[in-house]
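Each chain is listed here by its residues.
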Amino acid sequence: MKKFIKTFLHNLLLAVLAFIWLVPIVWLVVTSFSSYSGMNTSTFFPKEWSLVQYKNLLFSADSVAQFPNWFKNTFIIACAVCVISTAFVLMVAYATSCMRFPARKLLMNAAVIVNLFPGVLSMIAVYFILKTMNLTNTHFGLILVYSAGSGLGYLIAKGFFDTIPNSLREAAYLDGASEATIFWKVVIPMSRPIIVYTVISSFLVPWMDFVYAKLMLNAGISSQWTVAIGLYNMLEKSLINSYFGQFCAGGVLVSIPISALFVIMQKFYVEGITGGAVKG
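## Re the overall build of the protein
- Assigned secondary structure in the protein consists of 13 helices and 0 strands.
- Along the protein, from the amino end to the carboxyl end, the secondary structure elements read α-α-α-α-α-α-α-α-α-α-α-α-α.
- Taking the principal axes of the C-alpha coordinates as reference, the protein spans close to 70 × 70 × 30 Å.
- Counting every position in the protein, which comprises 280 residues, the buried fraction comes to 38%.

## Observations concerning the pattern of salt bridges
- The tally for this structure, following the rule as stated, stands at 1 salt bridge.
- A salt bridge links Asp-162 to Lys-158; its shortest N-O distance comes to 2.9 Å. Each member of the pair, Asp-162 as well as Lys-158, carries the same accessibility label: buried.

## Looking at unusual backbone geometry
- With phi around 65 degrees, Ala-103 is a residue other than glycine that occupies positive phi space.
- Considering the arrangement of structural elements, one finds Ala-103 in the loop between α3 (67-98) and α4 (104-115).
- At Asn-137, a position not held by glycine, the phi torsion is positive, near 60 degrees.
- Among the secondary structure elements, Asn-137 is positioned in the loop between α5 (123-132) and α6 (139-148).
- Overall, the relative accessible area of 31% leaves Asn-137 in the partly exposed class.

## Remarks on the packing of helix α8 (residues 166-174) against helix α9 (residues 179-187)
- Put simply, α8 and α9 touch, their axes get as near as 10 Å, and they point 130 degrees apart. Between α8 and α9, the interaxial angle falls into the category oblique. Relative to α9, the crossing made by α8 is right-handed. From α8, Leu-168, Arg-169, Ala-172 and Tyr-173 reach across to α9, where they touch Glu-179, Ile-182, Val-186 and Val-187.
- Taken together, the residues of the contact of α8 with α9 sort by class into 6 nonpolar, no polar and 2 charged.

## With respect to the packing of aromatic side chains
- A complete count under the given rule lists 13 aromatic pairs for this structure.
- Judged by centre distance (5.5 Å) and plane angle (75 degrees), the rings of Tyr-127 and Phe-128 are edge-to-face.
- An aromatic cluster of at least three residues, connected via ring pairs, comprises Phe-67, Phe-71, Phe-75, Phe-203 and Trp-207.

## Focus: the environment of Gln-266
- Turning to its location among the elements, Gln-266 is positioned in helix α13 (residues 240-276).
- Separated by 73 residues in sequence, Gln-266 and Pro-193 have C-alpha atoms that sit 9.7 Å apart.

## Observations concerning the environment of Thr-31
- Inspection of the secondary structure puts Thr-31 in helix α1 (residues 2-32).
- Expressed as a C-alpha distance, the spacing of Thr-31 and Arg-192, which sit 161 residues apart in the sequence, is 39 Å.
- If sequence neighbours within four positions are ignored, Thr-31 has contacts with Phe-244 and Cys-248.
- Engagement of the side chain of Thr-31 in a polar contact is seen with the backbone oxygen of Trp-27, the distance being 2.6 Å.

## Details of a nonpolar patch on the surface
- On the surface, a cluster of nonpolar side chains totalling about 1,300 Å² of accessible area is made up of Met-1, Phe-4, Ile-5, Phe-8, Leu-9, Leu-12, Leu-13, Leu-14, Val-16, Leu-17, Phe-19 and Ile-20.
- Relative to the helices and strands, Phe-4 resides in helix α1.

## Looking at the packing of α3 against α9
- Relative to each other, α3 and α9 sit at 110 degrees, their axes nearing to 12 Å. Here α3 is positioned roughly perpendicular relative to α9, judged by the angle of their axes. Remark: the crossing between α3 and α9 carries right-handed chirality. Touching Leu-90, Met-91 and Tyr-94 of α3 are Glu-179, Ile-182, Phe-183 and Val-187, all from α9.

The rules behind the values
- Residues numbered from 1 in each chain as written.
- Predicted model: local features only at pLDDT ≥ 70, side-chain atom pairs only at ≥ 80, totals over all residues.
- Heavy atoms only, no water.
- Helix = DSSP H or I, 4+ residues; strand = E, 2+ residues; numbered from the N terminus.
- Buried < 20%, exposed > 50% of the residue type's maximum accessible area, 1.4 Å probe, protein only.
- Salt bridge = Lys/Arg side-chain N within 4 Å of Asp/Glu carboxyl O.
- Axes fitted to C-alpha atoms, helices over the stretch in contact; angles between N-to-C directions.
- Parallel < 35°, antiparallel > 145°, perpendicular 65-115°, else oblique.
- Left-handed = near helix turned anticlockwise from the far one by under 90°.
- Contact = heavy atoms within 4.5 Å.
- Nonpolar A, V, L, I, M, F, W, Y, C, P; charged D, E, K, R; others polar.
- Phe/Tyr/Trp six-rings, centres within 6.5 Å; stacked < 30°, edge-to-face > 60°.
- Polar contact = N/O pair within 3.5 Å; in protein donor to acceptor, adjacent residues only side chain to side chain.
- Patch = residues over 30% accessible without salt bridge, like charges linked within 9 Å, V, L, I, M, F, W, Y side chains within 5 Å.
- Areas by Shrake-Rupley, 256 points an atom, 1.4 Å probe, with all protein chains shown as cover.

In structure tokens, the structure reads:
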């Protein structure tokens, strides 16, 4: 009986937490299908259903809502950061896991200590450095911000590389293979789960970030904004009554690509996390 009560209370708690977590998401989705352009808090579900918010967002761009441009900018930045960050993480992870060199442990410990500090602590210094180089208000500067320190997040990938048998690399050494050859032709083909995990993680950073994007793209040129800045701008007091429906529609559209990516890559994503957690 005690076990039943414990299980029941446990499941009840999970159900309550899931309900609290899902209600705002469901409300955003159903509001995006409302014919009313502002915020309607009188009813949970809209009185009139319509696709007009999606139509206006995608095909009726104006000086405030330029979602196609925002989506394109964010997608380009996210793809560039994904490629660069994935390369950095995998190379640093391979070097720390499979190679032995002076100050290796010192550098690993330093990377862990640096990661303990929130990245926002350095954003003012980063901003002035890029401003000196005339890279603020450019997508290239934003790509640099997201990619520069990505190699410090190597620990999970290193844990995965630690599980690859040393005998495979030693056999390649005996055949005269270089470190680059071993990395590309021995280690990488066996590391698909951690590569998928790293790709998704690297893609998520610029896709969802607001703070650094707002800091760097501050010239007020709406066509250069990312999705996060553009959607946030719709919530200004003077705009919310006209654009809240489009804001909800934009939130739904932004979630589709990354949700589809998670569904497709879920198996490899989980394998990458669990594999990387075997050894530190």
